[in-house]
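# A closer look at the structure
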Amino acid sequence: AGPNGGSIYIDGFSGGELPPKESIREIRINQNPFSPEYDRLGFGRIEIFTKPGTDKFRGSVGYNFANDKWNSRNAYAAEKAPFHLNELSGTLSGPINQHASFNLNLMREMNDNGNVINGVTLDPQTLTAAPSTGSFLSYLRRTAITPRVDYQLSTNNTLTLRYSYNRDDVRNAGVGSLNLVSRGYRNDSPSHTIDVTETAVIGASIVNETRFQYFRPTNTSQANSAGYAIQVLGAFNGGGNPVGHSTDTENSFEFQNYTSIFRGVHSWRFGVRLRDASETSVSPQNFGGTFTFSGGLAPQLDANNKPVLDAFGQQLLGDISSIESYRRTLLFEQSGFSAAQIRQLGGGATQFSINAGNPLISAGQFDLGVYVGDDWKVRPNLTLSLGLRYETQTNIHDWRDFAPRIGVAWAPGGGSGKSRPKSVIRAGFGMFYDRFGLGNTLTAERYNGIIQQQYIIANPDFFPTVPAVASLSGPVAPNTIQQISSTLRAPYLMQSAVGFERQLPLNTTIAITYANSHGLHLLRSEDINAPLPGTYVQTIPGSGVFPLGRPGQVFLMESAGLYNQNQLIVNVNTKVNQDLSLTGSYMYNRAMSNADGLGTFPANPYSMTGEYGPAATDMRHRVSFGGTITPKWGIRFNPMLTANSGPPFDITAGRDLYGDSLFNGRPGIAADSSKPGLIATQYGLLDPNPTPGERLLSRNFGRGPGQIMINMRVGMGL
């Protein structure tokens, strides 16, 4: 896999919802990973094929029940989170007439799941900060209906029609981690998918496949609580959910025509794919406003909340947390202090943001992909695969996306008239492009400063009152704009791999693969109007000299990211006998990058120092072990154990250190242990207020905990 994970295809299409497991006929993983037919990364590709109809009537009914009895307690919750699952499924398949058959799948899932809240909040009476842990139930109701009809048009022509309706209705989504109960919302996402496939066998050596898909997903989100949102960085997120009442509808069309020609030692394959998508979105995101609190240097207070003075009568300063800043705000507001007095004592919100304007916007996008490839059997034990793919799309000015592919498979010792070889060596190289998503275009058009306006105000003294948007115009509240770089091009990865497969005694096979991925032009963002270095003063909102001559953030989407990944994958499979088969795998993975998507901004807008570090996908070790055990009476046991090391995470100071309205500035590594405000951590003494030239932590410097999961499934054949 690469920086965006794996890719899933359903009956050859890149869109659509996952089908119910009862309708799945076959799953292929990493099938011919360097084929030019594939647009996405070779390793990490998952192809799912659904079942056709049958010549006799067949049906099944399934019921799946689970609860939290065997679940372990979350380490961050005092009690085990509740969990309750009821899943009912059914299939029916059979003939319609002598030329047609059908397959019908139905599924209804009711899932009540406890989401763990793990934050720090204030006691409403004493305003004392204390850990806030617990679980809150969210409710998922999932419905899936999937009929399929296969029709034999003629001896050499087959038509397949498939319709899929899926709906996920989630109540109390968004609750958990630092999000309190008030941040919950309902998410309702029905979708309709129509697939049409016509397969024609032309003569003895040509097969043509024509596919068409229409995919229409709709998503509606409704916040449980109205009003402004509160973010107390690193402590809790409360207030209303900024999602408001949002709807999003997409219409996606995909057409494919693929031809295969088999002539002697050559297997030619060529084709074209056309995709068109349009999206209409109503998004009053953050129309209610968000207050953000962060810590910083502030006067030290005694037990009576009075400033502590030194021998010269000066206030002693110290670094306070975001929850302490929030506590002081509420405390001194209740005491009748003015906004200026509250801020002098370390209280007050750090930032207020609000959006306004027209929530409705629409956009469309078209992309094209063509390819040609040849699998050439040079010798009976040597196959060479050559291919070329070309892609392009609207909405970005990029016409250079040529993707060469090459692969080779060699079986040493194999050849004409010889026994089947026990070893195979495979190697390959390919370029894989990633399309610039339609959602990114919508974001840029929505926040162009005209359709919607984003206002960000530093040190707002009007908390908890949300001011009228009209009062925020002018130089006090500059508008935030998002743009797409005119030089943006499609990100791509160059992946190479070499693998060795060996048949061992006792029906055992082993496969060892080394894969290297080098990514260029990965997506990231930056503020191109951040205050020039040395001109911004944290205590003076809006201060600084701005490159564009006016205050206000301009967030530019650009393709300047770099990604490097090395993987070593070992798979072992053995079938001891007809009642016992085992499988195991191990993967070593090291991934480094300076971007994890468009949400990645450099900590310092004028320096890339420290940005190249572990990627979000950098989980070093992953082990899995499973099998199928059938002792007697048709009872089948399927144990599964998976374990992986922890992912990296970024350590930030939680403050706007550079005047770009972002809170992603990273702390310094303290050289002077006597400096006020230092924080002792497992990574050493960290300085949340680094001085110019001070060495800073690199991106994704932290490392989260590993994870172990054990699962056992028991089935019985009747």
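Presented here is a report on the structure given in the accompanying data block. Remember, predicted model here, so these are calculated numbers, not experimental data.

Looking only at helices and strands, the protein chain has three helices and 37 strands in total. In terms of its C-alpha atoms, the protein chain occupies a principal-axis envelope of roughly 100 × 55 × 50 Å. A buried classification covers 44% of the 718 residues belonging to the protein chain. Put simply, of all contacts in the protein chain between residues at least 6 apart along the chain, 69% involve residues at least 24 apart. Accessible surface, the protein chain as shown: approximately 35200 Å² in total, 59% of it carbon and sulfur.

The biggest cluster of nonpolar side chains holds 23 residues, and the ones touching the most others in it are I230, V232, F236, F293, I323, Y326 and F463. With five residues, the top contributor of residues to this core is helix α1 (residues 322-334). Within the second largest apolar cluster, 12 residues are counted, among which are M431, F436, A444 and Y492.

Take the environment of F293 next. With respect to the helices and strands, F293 occurs in strand β15 (residues 290-293). Look at F293 and you get buried, because its relative accessible area is 0%. As a C-alpha pair, F293 and T350 span 57 residues in sequence and 5.0 Å in three-dimensional space.

Attention now moves to unusual backbone geometry. The omega torsion of the bond from F463 to P464 falls at 5 degrees, within 30 degrees of zero and hence cis. Relative to the helices and strands, P464 resides in the loop between β23 (452-458) and β24 (479-484). A positive phi angle, near 55 degrees, is found at N507, a position not held by glycine. Mapped onto the elements, N507 comes out in the loop between β25 (492-504) and β26 (508-527). Of the residues examined, N507 reaches a relative accessible area of 52% and is grouped as exposed.

Moving on to the pattern of salt bridges. Taken as a whole, this structure holds 30 salt bridges when the rule is applied. Linking K675 and D687 is a salt bridge whose minimum nitrogen-to-oxygen distance equals 2.4 Å. Of this pair, K675 sits in the loop between β33 (668-669) and β34 (679-681) while D687 sits in strand β35 (residues 684-687), placing them 12 residues apart in sequence. Residue D687 is classed as buried on the basis of its relative accessible area, which comes to 1%. Counted as one network, the salt bridges with shared partners bring together R389, E391, D401, R435 and R489.

A few words now on the pairing of strand β20 (residues 382-393). In this structure, strand β19 (residues 360-379) lies alongside β20, joined through 12 bridges in antiparallel fashion. When the bridges of β20 are listed, G369 appears paired with E391. Counted along the chain from β19 to the antiparallel partner β20, the turn is two residues long. Of the pairings in the sheet, the one linking β20 to strand β21 (residues 401-410) comprises 10 bridges and is antiparallel in character. For G387, the partnering residue across the bridge sits in β21 and is R405.

Let us now look at the pairing of β25. Bridge count between strand β22 (residues 423-433) and β25: 11 bridges; the pairing is antiparallel. Looking at β25, one finds that Y433 is bridged to Y492. As defined by bridge partners, β25 adjoins β26 across 13 bridges and the pair is classed as antiparallel. By the bridge assignment for β26, G499 is matched with T513.

Each strand in a sheet pairs with its neighbour through backbone hydrogen bonds, running either in the same direction (parallel) or in the opposite one (antiparallel). The strand order across the open sheet built from three strands is β33-β35-β34, with neighbouring strands paired in antiparallel fashion. Among the strands making up the open sheet, the edge pair consists of β33 and β34. Judged from the two bridges that link them, β33 and β35 form a sheet pairing that is antiparallel. When the sheet's bridge partners are listed, I669 is paired in β35 with L686.

Attention now moves to a nonpolar patch on the surface. Taken together, the side chains of F212, F253, F255, L274 and F366 define a hydrophobic patch exposed on the protein surface, amounting to about 380 Å² of accessible area. Topologically, F255 is positioned in strand β13 (residues 245-263). A relative accessible area of 32% means that F255 is categorised as partly exposed.

Topologically, V196 is positioned in strand β9 (residues 185-202). When its relative accessible area of 26% is taken as the criterion, V196 is described as partly exposed. Ignoring anything within four residues of it in the chain, the contact list for V196 reads F13, L159, T160, L161, T210, R211 and F212.

Here Y76 lies in the loop between β4 (58-67) and β5 (83-97). With sequence-adjacent residues up to four places away left out, Y76 is seen in contact with V116, N118 and T133.

Two residues of an α-helix separated by three or four positions point the same way, owing to the 3.6 residues in each turn. Over its 13 residues, α1 extends 19 Å from the first C-alpha to the last, a length consistent with the 18 Å expected when each residue adds 1.5 Å. α1 sits mainly inside the fold: 11 of its 13 residues count as buried. Inspection of α1 places S322, I323, E324, S325, Y326, R327, R328, T329, L330, L331 and F332 among the buried residues, and these make up the whole buried set.

Moving on: the packing of aromatic side chains. Using the criterion set out here, one finds 19 aromatic pairs in the structure. Each ring, one from F57 and one from F102, has its centre 6.3 Å from the other, and the planes form 55 degrees; the classification is tilted. With F57 in the loop between β3 (45-50) and β4 and F102 in strand β6 (residues 100-122), this residue pair connects regions lying 45 residues apart in the sequence. The class of F57 is exposed, set by a relative accessible area of 58%. Overall, the relative accessible area of 18% leaves F102 in the buried class. Seen from their ring centres, F236 and Y326 are 5.6 Å apart, and the 70 degrees between their planes marks the pair as edge-to-face. Pair noted here: F236 is in strand β12 (residues 236-239) and Y326 is in helix α1, with a separation of 90 residues, a long-range link. Its relative accessible area of 10% is what places Y326 among the buried residues. Within the aromatic cluster, the residues linked to one another by ring pairs are Y228, F236, F291, F293, Y326, F352, F462 and F463. Stacked on the ring of F432, the Lys or Arg R405 has its end atom at 4.1 Å from the ring centre.

Buried residues of helix α3 (residues 438-446): L438, N440, T441, L442, A444 and R446, and no others. Against the buried residues of α3 lie β14 (266-282), β19, β23, β24, β26 and β27 (554-577).

So, how was this worked out
Residues numbered from 1 in each chain as written. Predicted model: local features only at pLDDT ≥ 70, side-chain atom pairs only at ≥ 80, totals over all residues. Heavy atoms only, no water. Helix = DSSP H or I, 4+ residues; strand = E, 2+ residues; numbered from the N terminus. Buried < 20%, exposed > 50% of the residue type's maximum accessible area, 1.4 Å probe, protein only. Contact = heavy atoms within 4.5 Å. Areas by Shrake-Rupley, 256 points an atom, 1.4 Å probe, with all protein chains shown as cover. Core = buried A, V, L, I, M, F, W, Y, C linked by side-chain atoms within 4.5 Å. Salt bridge = Lys/Arg side-chain N within 4 Å of Asp/Glu carboxyl O. Pairing = 2+ DSSP bridges. Patch = residues over 30% accessible without salt bridge, like charges linked within 9 Å, V, L, I, M, F, W, Y side chains within 5 Å. Expected span 1.5 Å × (residues − 1). Phe/Tyr/Trp six-rings, centres within 6.5 Å; stacked < 30°, edge-to-face > 60°. Lys NZ or Arg CZ within 6 Å of the ring centre and 35° of its normal.

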